[in-house]
Amino acid sequence: LSGMALNRNPAEEEIPLEELKVGFDKVFGDDRVLVLDHQGAIDDGTVVDQLEYMALCGCKNIYVDHITMLASEGSDDLKGNEAVDKIMNDFLKLVKRQPVWLGVVSHLRKVGQGKRPFEEGTLPSIDDIKGSGSIKQVSFDIIAFARNMIADDDTERNTINMRVLKCRYTGLTGNVAGAIYNQKTGRLKYCGDETFDIIPKKQVEQGSVFEPTVKKVEPTKIIDSVTKKTPGIIKVPSISSKPPEEK
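All of the points below concern the structure found in this document.

### Side note on unusual backbone geometry
Here is step 1: For Asn-7, which is not glycine, the phi dihedral falls at a positive 60 degrees.
Here is step 2: Relative to the helices and strands, Asn-7 resides in the loop between helix 1 (2-5) and helix 2 (17-28).

In structure tokens:
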């Protein structure tokens, strides 16, 4: 993270500590970023308490990486899918108590014999999520990531493809523009046009086809408009739901 603030990658070049300290102060100097390293020594109950403490400290976006490891420690003497159910229920209660967005990283099931593995760029479906079905049921949004880790071409190997598997607010799903990893800067760059349509220009309603008002928006503005009170909700421009009046 310190290197990213400098647009430099410590894995690509050796950055002197005094220069890296500048990036460290940019990221962590004003306590805008909090990192919890539990080293596998705390159970899910303690994790939820720590996450709530972060929320009370002012954190608005929290990532848990990953729920599979957290569930492996058990939850209230529960194991496996029952532990995942309990954890997801606790997460849901947390985001209802606090104005925070909570992102949960989940591993995938092994692909069937003869199928192309995810490590070679296959985008997963919602049923490929490893563990309990509560992960997909409780989540407000689910976004799948995949890249071909063994591709010969550098660009292909560093390109992350994305697919929206669930969006409770809009119901819009499908493939979206991904991102490409820049080895020199350690950053991800958006792959796609500068603007895009929220919904198709043609829409059918009650047997009649009309063109609703569609506003072009920048992807960064959508990301910045995540609400503070409800997790996983993204505001989109208002869209007319009625056909234009006849003149």
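### Looking at a nonpolar patch on the surface
Here is step 1: A cluster of nonpolar side chains, Leu-1, Met-4 and Val-35, forms an exposed patch at the surface whose accessible area comes to about 290 Å².
Here is step 2: Along the chain, Val-35 falls in the loop between helix 2 and helix 3 (44-56).

### Quick word on the pairing of strand 3 (residues 141-146)
Here is step 1: Burial of the side chains of strand 3 is restricted to one face: Ile-142, Ala-144 and Ala-146 are buried, whereas none of Asp-141, Ile-143 and Phe-145 on the reverse face is.
Here is step 2: Sheet topology note: the strand 3/strand 4 (residues 159-167) ladder contains six bridges and is antiparallel. Of the residues in strand 4, the one forming a bridge with Phe-145 is Met-162.

### Details of the sheet that holds strand 3
Here is step 1: As summarised here, the arrangement of the four strands in space is 3-4-5-6, forming an open sheet in which the pairing is antiparallel. Strands at the two margins of the open sheet, each flanked by one partner only, are strand 3 and strand 6 (187-190). Direction aside, neighbouring strands of the sheet carry axes that sit 35 degrees apart on average.

### Details of the pattern of salt bridges
Here is step 1: According to the stated counting rule, one finds eight salt bridges in the structure shown.
Here is step 2: The partner of Lys-21 in a salt bridge is Asp-25, with the nearest N and O atoms 2.9 Å apart. Of the two residues, Lys-21 and Asp-25 are both situated in helix 2; the distance of four residues between them amounts to about one turn of the helix.
Here is step 3: Note on Asp-25: relative accessible area 37%, which makes it partly exposed.
Here is step 4: We note a salt bridge from Lys-136 to Asp-127, for which the minimum N-O separation is 2.5 Å.

### Brief notes about the nonpolar core
Across soluble globular proteins, you tend to see nonpolar side chains buried next to one another.
Here is step 1: Ranked by size, the top nonpolar core spans 23 residues in total, and within it Leu-51, Ile-62, Ile-67, Met-88, Phe-91, Leu-102 and Ile-135 carry the most contacts.
Here is step 2: With near-sequence residues (within four places) excluded, Ile-135 lies in contact with Ile-67, Val-84, Met-88, Ser-106, Ile-129, Lys-130 and Ile-142.

### Quick look at the packing of aromatic side chains
Here is step 1: Counted by the stated rule, this structure contains two aromatic pairs.
Here is step 2: Pairing Phe-24 with Phe-28 gives two aromatic rings, centres 4.9 Å apart and planes at 35 degrees, and the pair type is tilted. Here Phe-24 pairs with Phe-28, and both are found in helix 2, just four residues apart, close to one helical turn.
Here is step 3: On the basis of relative accessibility, which here comes to 21%, the residue Phe-28 falls in the partly exposed class.
Here is step 4: Arranged with centres 5.0 Å apart and planes meeting at 65 degrees, the rings of Tyr-63 and Trp-101 form a pair that is edge-to-face. Placement of Tyr-63 in strand 1 (residues 61-64) and of Trp-101 in strand 2 (residues 101-104) is noted, with a sequence separation of 38 residues between them.

### A short note on the state of the cysteines
Formally, a disulfide is one covalent bond, and it connects the sulfur atom of one cysteine to the sulfur atom of another.
Here is step 1: Summed over all chains, the structure comprises zero disulfides.
Here is step 2: Cys-59 carries a free sulfur, and the closest cysteine sulfur to it, the one in Cys-57, is 6.5 Å from it.
Here is step 3: A residue is classified by how much of its surface remains accessible, and Cys-59, at 14% relative accessible area, is buried.

Reading guide: rules and limits
Sequence order as written defines the numbering, with residues in each chain counted from 1. The predicted nature of this model means local features are confined to residues of pLDDT at least 70 and side-chain atom pairs, given and counted, to a pLDDT of 80 or more, with totals for whole chains, interfaces and linings taken over all residues. Heavy atoms throughout the structure, all of them, feed into the side-chain values; hydrogens and water do not. Secondary structure follows DSSP: runs of H or I at least 4 residues long count as helices, runs of E at least 2 residues long count as strands, and numbering of each begins at the N terminus. A patch consists of residues exposed above 30% relative accessible area that lack any salt bridge, with like charges linked at up to 9 Å and nonpolar side chains (Val, Leu, Ile, Met, Phe, Trp, Tyr) linked at up to 5 Å. Surface accessibility follows the Shrake-Rupley procedure with a 1.4 Å probe radius. Residue values consider only the protein chains on display as shielding. Just to be clear on terms, a salt bridge is a Lys or Arg side-chain nitrogen sitting within 4 Å of an Asp or Glu carboxyl oxygen. Three labels apply to residues, based on accessible area from a 1.4 Å probe with only protein chains included: buried if under 20% of the type maximum, exposed if over 50%, partly exposed otherwise in between. At least two DSSP bridges between two strands are required for those strands to pair. Throughout, an axis means a line fitted to C-alpha atoms (over the contacting stretch in the case of helices), and angles, computed between N-to-C directions, take values from 0 to 180 degrees. The criterion is simple. A nonpolar core is a set of buried Ala, Val, Leu, Ile, Met, Phe, Trp, Tyr and Cys residues joined through side-chain atoms within 4.5 Å. The criterion used for residue contact is that any of the two residues' heavy atoms lie within 4.5 Å. Side-chain rings of Phe, Tyr and Trp, where Trp is taken by its six-membered ring, are said to pair if the distance between their centres is within 6.5 Å; with planes under 30 degrees apart they count as stacked, over 60 as edge-to-face, and otherwise as tilted. Two cysteine sulfur atoms make up a disulfide if the distance between them is within 2.5 Å.

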